[in-house]
Amino acid sequence: MSAHVMDGTAVAAQLVEQVTVGTTEFARAHGRTPCLATVLVGDDPASHTYVRMKRNRTAMVGMESRYVELAASTTTGELVAEITTLSDDPGVDGILLQHPVPDHVDERAAFEAIAPIKDVDGVTMHSFAAMAFNEPGFHSCTPGGILRLLDAYDVALSGKHAVVIGRSPILGKPVGMLLLARDATVTYCHSRTLDLADHIRRADIVVAAVGRPELIRGEWIKPGAVVVDAGYNPGNVGDVEYEAAAERASLITPVLGGVGPMTIAVLLEQTLTAAYELTHRVRRT
Ligand code: NAP
């Protein structure tokens, strides 16, 4: 078998197009442009690249992009104060704090300073709990993007065995919960999992969210399985041994143009949603 490639670039482009149209309609109806504030702390080159990409995309859909760049020496208190100011600013609809922050900063405290209604990156405990209870709220963008991609390729989830490798709060854990909410049977694997290969061999759907180059061997993939590789490692290498896995899978994401574009598309879509929700809230008060 040779897998069909899931084209995240194409699926994301459709979503971005819808957001562009929606942004124009919002501006016409409300006389202002949705605004995404992006906060970056420190000098990590990869983080600078990710933030630049997100800001460019924000501008491309016609949204305002507010940028707050803070020194690596910024304290938790200073960062919380900056984010609280953005949370209170009626001109800001969505807030994204680029992860990771420097080691001395309490990242959880900084995330929790984001007002839930502006948590378009889905990083607060409020958003996580809403997702876990299947209540309306913002999803963590990469997990949300993965589900959108699976839906775009009509991947049946109900009753399927999904194996998620990785359990981080922004990726592995929420993607497993979203799959569970869609009636998949979910197994989480992590760094202490014994017999990783055995779990993966039984998976109808594999979601790799680790950050270890080619940790998941192609020979472990059950013939016909769907493989989503969210991992990114230097040299454009994923967490899955791509060529060998593609020989066995029915559907697979490429390392570039797979999950990555979906993440930004969901971020923009959620920013537009936040702009509408904030507008309705102001009208009600
Ligand atoms: P993370 O916070 O470092 O979490 C990595 C997870 O992998 C942890 O749960 C860890 O287990 C698990 N793990 C580590 N070694 C393992 C092993 N040998 N076997 C099984 N599990 C193992 O990383 P993250 O933020 O979730 O990101 C994961 C990957 O996704 C990275 O490559 C990142 O670049 C990529 N990513 C991509 C996007 C995108 O938009 N495409 C967005 C976010 C992240 P423990 O919990 O036991 O430590």
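A brief structural summary.

### Observations regarding the layout of surface pockets
What the second largest pocket holds in volume is close to 480 Å³. What lines the second largest pocket is a set of 24 residues, among which P136, G137, F138, H139 and Q270 lie closest to the centre. Counting only elements with at least two residues in the lining of the second largest pocket, the list comes to α5 (125-132), α6 (141-152), α7 (172-181) and α10 (259-284). At six residues, α10 tops the list of elements feeding residues into the lining of the second largest pocket. Class assignment for the residues of the lining of the second largest pocket results in nine nonpolar, eight polar and seven charged.

### Side note on unusual backbone geometry
Each neighbour pair has its own omega, and for H99 with P100 the value is 0°, a cis peptide bond. With respect to the secondary-structure elements, P100 resides in the loop between β4 (94-97) and α4 (107-112). Backbone geometry at N134 places phi at a positive 60°, although glycine is not the residue there. Relative to the helices and strands, N134 resides in the loop between α5 and α6.

### Section: the site of the ligand
In the vicinity of the ligand there are 20 residues, among which R167, S168, S191, Y232 and T263 approach most closely. The separation between an oxygen atom of the ligand and a polar side-chain atom of R167 is 2.7 Å. Contacts to the ligand include H190, whose backbone N or O atom sits 3.5 Å from a nitrogen atom. Burial of the ligand by the protein chains amounts to 70% of its free accessible area of 920 Å². Per element, the largest residue contribution to the shell around the ligand is three residues, and it comes from α10. Partitioning the shell around the ligand into residue classes produces nine nonpolar, nine polar and two charged.

### Observations concerning the sheet that holds β4
What the three strands build is an open sheet, ordered β3-β2-β4; its pairing is parallel. Edge strands, defined here as strands with exactly one partner in the open sheet, are β3 (64-70) and β4. Direction aside, the axes of adjacent strands within the sheet are offset by 15° on average. Of the strand pairs in this sheet, strand β2 (residues 35-41) and β3 are connected by seven bridges, and their pairing is parallel.

### So, the pattern of salt bridges
A side chain of one charge can pair with a side chain of the opposite charge if their charged atoms are brought near each other. Tallied over the entire structure, the rule returns eight salt bridges. For D89, the salt bridge identified is with R66, shortest N-O distance 3.2 Å. Taken as a pair, D89 in the loop between α3 (76-88) and β4 and R66 in strand β3 lie far apart in primary sequence, 23 residues in all. Residue classification places D89 among the partly exposed residues on the basis of a relative accessible area of 22%. Here R217 makes a salt bridge to E241, at a shortest N to O gap of 3.3 Å. Pair noted here: R217 is in the loop between β7 (205-208) and β8 (226-229) and E241 is in the loop between β8 and α9 (242-248), with a separation of 24 residues, a long-range link.

### Quick word on a nonpolar patch on the surface
A cluster of nonpolar side chains, Y50, M53, Y232 and L256, forms an exposed patch at the surface whose accessible area comes to about 400 Å². As for its position among the elements, Y50 is in helix α2 (residues 45-60). Note on Y50: relative accessible area 37%, which makes it partly exposed.

### What about the environment of A181?
Among the secondary structure elements, A181 is positioned in helix α7. When its relative accessible area of 34% is taken as the criterion, A181 is described as partly exposed. Note: C-alpha distance between A181 and N134 (47 residues apart in sequence) is 7.1 Å.

### Comments concerning the packing of aromatic side chains
Throughout the structure, instances matching the rule amount to one aromatic pair. Ring centres of F26 and Y276 lie 4.9 Å apart, and the angle between their planes is 90°; on these two criteria the pair is classed as edge-to-face. Within this pair, whereas F26 is found in helix α1 (residues 8-30), its partner Y276 is found in helix α10, the two being separated by 250 residues in sequence. When its relative accessible area of 0% is taken as the criterion, F26 is described as buried. Look at Y276 and you get partly exposed, because its relative accessible area is 27%.

So, how was this worked out
Residues numbered from 1 in each chain as written. Predicted model: local features only at pLDDT ≥ 70, side-chain atom pairs only at ≥ 80, totals over all residues. Heavy atoms only, no water. 1 Å grid on protein atoms, 1.4 Å probe; cavity = no way out; pocket = protein on both sides within 12 Å on 5 of 7 lines; lining within 4 Å. Points joined across faces, edges and corners; volume = space filled by probe spheres on them. Helix = DSSP H or I, 4+ residues; strand = E, 2+ residues; numbered from the N terminus. Nonpolar A, V, L, I, M, F, W, Y, C, P; charged D, E, K, R; others polar. Near = heavy atom within 4 Å. Polar contact = N/O pair within 3.5 Å; in protein donor to acceptor, adjacent residues only side chain to side chain. Areas by Shrake-Rupley, 256 points an atom, 1.4 Å probe, with all protein chains shown as cover. Pairing = 2+ DSSP bridges. Axes fitted to C-alpha atoms, helices over the stretch in contact; angles between N-to-C directions. Salt bridge = Lys/Arg side-chain N within 4 Å of Asp/Glu carboxyl O. Buried < 20%, exposed > 50% of the residue type's maximum accessible area, 1.4 Å probe, protein only. Patch = residues over 30% accessible without salt bridge, like charges linked within 9 Å, V, L, I, M, F, W, Y side chains within 5 Å. Phe/Tyr/Trp six-rings, centres within 6.5 Å; stacked < 30°, edge-to-face > 60°.

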